[in-house]
Amino acid sequence: MHQFIGGEHRSGTSGTPFEVLDPSTGDVVEEVLLAGPEDVDAAVGAARAAFGEWSRATPVERATVLARAATLLEERAEELARVESRHAGKPIRLAREFDVPGTVDNTAFFGAAARRLDGMASAEYSGDHTSSIRREPIGVVGSVSPWNYPLQMAAWKVLPAVAAGNTIVLKPAEITPLTSLMLAEVLTEAGAAPGVVNVVTGSGPVAGQHLVGHPDVAMTSFTGSTAVGRQVMATAAATGKRVHLELGGKAPFVVFDDADLEAAVHGAVAANLINAGQDCTAAARAIVHRSLYDDFVAGVADLYRQVRTGPTDDEATDLGPLSSRTHLDKVAGMVERARADATVVCGGRSPGGDLARGCYYEPTVVSDVALGSELWTDEVFGPVLAVVPFDDDDEAIRLANDTEYGLAASAWTRDTYRAGRASREIRAGCVWVNDHIPIISEMPHGGYKHSGFGKDMSAYSFDEYTQVKHVMHDITGIARKGWHRTVFTLPG
Ligand code: NAD
């Protein structure tokens, strides 16, 4: 029963079974019957039927549902953390301290934000009419989410959509569907009418593609890779729907010569290894001033050798597995190929022993990475830090921007003017100064360049999930209005 449609758990009708695996052991967590096009049609139908009433609910009614959902999520926090940890291969500490509390906070935030949709002041801009702005929901949103943070990505898609009065059909990644189903269940239990939140767990090319191309879906919001994002945009174009894309990243981590080296080293370890590096904002390319370069590389490698790689259910584990065997092979392949023109300082292989059953990969530093090589340009999405040196600030900024991506970046310096320049000149949707990773519900998350467009989280996300209507109301009561003469004049 891995579809949640019209407020009910159902089985998929595609006839295709799929095993959800625990990537730390390879054990089967659950067997799913994938959704086919008929399930997507049923979910879109349920969302369409629920739209009228949900879109007319008052802000306080929607806010009340979300506030209740935040409480219910908190009550189920430990269960959510355990399921998230198992199917996504996350260390339990990360699921408990980051994924679940982040989702609870996001839900509470959108509960509050649902009561305040800003617009221009109503006024007599023409002199003869009162103009006002209505911010209206768009309709049925079809969302597709990735496997790296299954619960948080589901929440980032669902919450602003429903807070703004839309209904939604979410298709999570097929390898991590379980916590998205739990989120839909919680929102329904909290009072969202059946059909407001639906989840179809199917494959990308079948269920995802059908959802994105569905004529009754008014908007697509997608989080995933840039390659699939481009396909999604092309599919959505056939029905001319609104598209919001959150895509890949290759974040630069720029360490200037006046940086606090200890802070930069610790910051790089945390920002590269979070979620085993499967984070679209993870520090991927460390660009380090030549005067600090050797110490930085040695400092990060030293900490990497102390990282505790282990079973995901152990509270002491720092680094869990990658999400799947396919992904592990991709990461390992990229590091192998990089050996031709770079130095693998530490890591660069999978651990043996008990961990060999899982999709583990050791934390890896690759120094002197060749500019233009695959490891420099492509998303690895694993615990692999590429490091290069620079000599002056112009070069540092140029290297930071030497990527097709533009999701996130950080600058490490004690000089406020340098920090100001880096914040302005690095083309990314987020620039941290002397930190890298923290996110907060009140602030937007979204890309520049090929990292996509549109924002998740914060009140800015309402720009994606609402449309703005201008209502212009004549206040003169005059039948023959002065402006008519521009178009026609009566004889005499
Ligand atoms: P992916 O692009 O392979 O898949 C994402 C989703 O798209 C999955 O649900 C998949 O089933 C679906 N899909 C695949 N083909 C499809 C198609 N033809 N039509 C419709 N849907 C289809 O990405 P992934 O491997 O699951 O996730 C990792 C990627 O996500 C990385 O590139 C990462 O940077 C990105 N990501 C970005 C953000 C962000 O906020 N910008 C956040 C998290 C992850």
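Residues numbered from 1 in each chain as written. Predicted model: local features only at pLDDT ≥ 70, side-chain atom pairs only at ≥ 80, totals over all residues. Heavy atoms only, no water.

Looking only at helices and strands, the chain has 15 helices and 19 strands in total. Since a compact globule built from 492 residues should have a radius of gyration of about 23 Å, the 25 Å found for the chain is in line with a globular shape. Sorting the 492 residues of the chain into buried and exposed places 55% on the buried side. Partitioning the contacts of the chain with sequence separation of at least 6, the portion at a separation of at least 24 is 74%. In the structure as shown, the chain presents an accessible area of about 20200 Å², 53% of it carried by carbon and sulfur atoms. Across the chain, the 43 positively charged side chains and the 64 negatively charged ones have centroids separated by 7 Å. (Helix = DSSP H or I, 4+ residues; strand = E, 2+ residues; numbered from the N terminus. Rg over C-alpha atoms; globule rule 2.2 N^0.38 Å. Buried < 20%, exposed > 50% of the residue type's maximum accessible area, 1.4 Å probe, protein only. Contact = heavy atoms within 4.5 Å. Areas by Shrake-Rupley, 256 points an atom, 1.4 Å probe, with all protein chains shown as cover. Lys, Arg positive; Asp, Glu negative; His and termini not counted. Charge placed at Lys NZ, Arg CZ, Asp CG, Glu CD.)

Attention now moves to the pairing of strand β4 (residues 28–33). Successive residues of a regular strand alternate their side chains across the two faces of the sheet. Relative to β4, strand β3 (residues 17–21) is paired through five bridges, and the arrangement is antiparallel. Considered in β4, the bridge of Pro17 is made with Leu33. (Pairing = 2+ DSSP bridges.)

In the region of the ligand, 29 residues are neighbours, and Ser145, Glu174, Ser225, Leu247 and Glu379 sit closest. Leu247 places a polar main-chain atom, nitrogen or oxygen, 2.7 Å from a nitrogen atom of the ligand. Measuring from an oxygen atom of the ligand, one finds a side-chain N or O atom of Glu379 at 2.5 Å. Out of a free accessible area of 850 Å², the ligand has 91% covered by protein chains. Elements with a minimum of two residues in the shell around the ligand: α7 (204–213), β9 (219–223) and α8 (226–237). Residues of the shell around the ligand, tallied by class, amount to 13 nonpolar, twelve polar and four charged. (Near = heavy atom within 4 Å. Polar contact = N/O pair within 3.5 Å; in protein donor to acceptor, adjacent residues only side chain to side chain. Nonpolar A, V, L, I, M, F, W, Y, C, P; charged D, E, K, R; others polar.)

Turning next to the packing of aromatic side chains. Given two aromatic rings, their pairing is described by the distance between the two centres and the angle made by the two planes. On inspection of all chains with the given rule, the structure shows seven aromatic pairs. Aromatic side chains Trp147 and Phe381 sit 5.5 Å apart centroid to centroid with 70° between the ring planes, which places their arrangement in the edge-to-face category. Here Trp147, found in the loop between β6 (140–144) and α5 (150–163), pairs with Phe381, found in the loop between α12 (374–377) and β15 (384–390); they are 234 residues apart in sequence, far enough to count as distant. Relative to Phe390, the ring of Phe256 has its centre 5.8 Å away and its plane inclined at 75°; by these criteria the two rings are edge-to-face. Of the two residues, Phe256 is situated in the loop between β11 (251–255) and α9 (261–273) and Phe390 in strand β15; the sequence distance between them amounts to 134 residues. As far as the burial class goes, Phe256 and Phe390 line up, both buried. Among the aromatic residues, ring-to-ring pairing joins Phe109, Phe110 and Phe462 into one connected group. One residue, Arg285, lies across the ring of Trp376, its end atom 4.6 Å from the ring centre. (Phe/Tyr/Trp six-rings, centres within 6.5 Å; stacked < 30°, edge-to-face > 60°. Lys NZ or Arg CZ within 6 Å of the ring centre and 35° of its normal.)

Turning our attention to the domain arrangement of the chain. Along its sequence, the chain is carved into domain 1 (3–247 + 451–471) and domain 2 (251–433). Taking only C-alpha atoms, the centre of domain 1 and the centre of domain 2 are 30 Å apart. Contacts between domain 1 and domain 2 engage 25 residues on the former and 30 residues on the latter. Of the roughly 2100 Å² buried at the junction of domain 1 and domain 2 (both faces included), carbon and sulfur atoms supply 47%. When residues of domain 1 are sorted by the area they lose upon contact with domain 2, Arg93, Trp147 and Ser451 head the list and together hold 24% of the total. Summed over the shared surface of domain 1 and domain 2, the number is four salt bridges. Here Arg96 ties to Glu315 by a salt bridge, and the two come within 2.4 Å at their closest N and O atoms. Our count for the contact surface shared by domain 1 and domain 2 stands at 14 residue pairs in polar contact (both at pLDDT 80 or more). At the level of elements, α4 (92–113) and α8 are the ones that each hand at least two residues to the side of domain 1 that touches domain 2. (Domains from an automatic or database assignment. Buried area = accessible area lost by both parts, 1.4 Å probe. Salt bridge = Lys/Arg side-chain N within 4 Å of Asp/Glu carboxyl O.)

As a further point, take the nonpolar core. Judged by nonpolar contacts, the single largest core of 66 residues is most densely connected at Val255, Phe296, Val300, Leu375 and Val387. Counting residues per element, this core draws most heavily on helix α10 (residues 290–306), which supplies eight residues. Shared between two domains, this core holds at least three residues of each, these being domain 1 (3–247 + 451–471) and domain 2 (251–433). (Core = buried A, V, L, I, M, F, W, Y, C linked by side-chain atoms within 4.5 Å.)

Residues Met120, Tyr125, Ile133 and Val468 make up a contiguous nonpolar surface patch of about 420 Å² in total accessible area. As for its position among the elements, Ile133 is in strand β5 (residues 129–137). Judged by relative accessible area, which is 32%, Ile133 ranks as partly exposed. (Patch = residues over 30% accessible without salt bridge, like charges linked within 9 Å, V, L, I, M, F, W, Y side chains within 5 Å.)

In this section: the environment of Met182. Within the secondary structure layout, Met182 lies in helix α6 (residues 178–189). Non-local contacts of Met182, meaning those with residues more than four positions away in its chain, are made with Arg76, Glu79, Leu80 and Val83.

Here we have seven strands laid out as an open sheet, ordered β13-β14-β15-β12-β11-β16-β17, and mixed in their pairing. Strands at the two margins of the open sheet, each flanked by one partner only, are β13 (343–346) and β17 (431–433). Across the sheet, the mean angle separating the axes of adjacent strands is 25° when strand polarity is ignored. Looking at chain direction, β13 and strand β14 (residues 364–367) are connected through three bridges and run antiparallel. Pairing of Val344 across the sheet is with Val366, part of β14. (Axes fitted to C-alpha atoms, helices over the stretch in contact; angles between N-to-C directions.)

To continue, consider the side chain of Asn148. By secondary structure assignment, the location of Asn148 is in the loop between β6 and α5. Relative accessible area serves as the criterion here: at 5%, Asn148 is assigned to the buried category. Ignoring sequence-local partners within four residues, the contact set of Asn148 consists of Lys90, Met153, Asn275, Gln278, Asp279, Cys280 and Phe381.

Before going further, it helps to spend a moment on helix α1 (residues 37–56). For α1, spanning 20 residues, the distance from its first C-alpha to its last is 29 Å, which sits close to the expected 28 Å at 1.5 Å a residue. Among the residues of α1, Asp39, Val40, Ala43, Val44, Ala46, Ala47, Ala50 and Trp54 are the ones counted as buried. (Expected span 1.5 Å × (residues − 1).)

With that settled, the discussion passes to the packing of helix α3 (residues 77–88) against α6. At their nearest, the axes of α3 and α6 sit 9 Å apart, and the two run at 155° to each other. One way to sum up the angle between α3 and α6 is to call them roughly antiparallel. Contact with α3, carried on its side by Glu79, Leu80, Val83, Glu84 and His87, involves Leu178, Thr179 and Met182 of α6 and no other residues of that element. Across the contact of α3 with α6, the residue classes break down as four nonpolar, two polar and two charged. (Parallel < 35°, antiparallel > 145°, perpendicular 65-115°, else oblique.)

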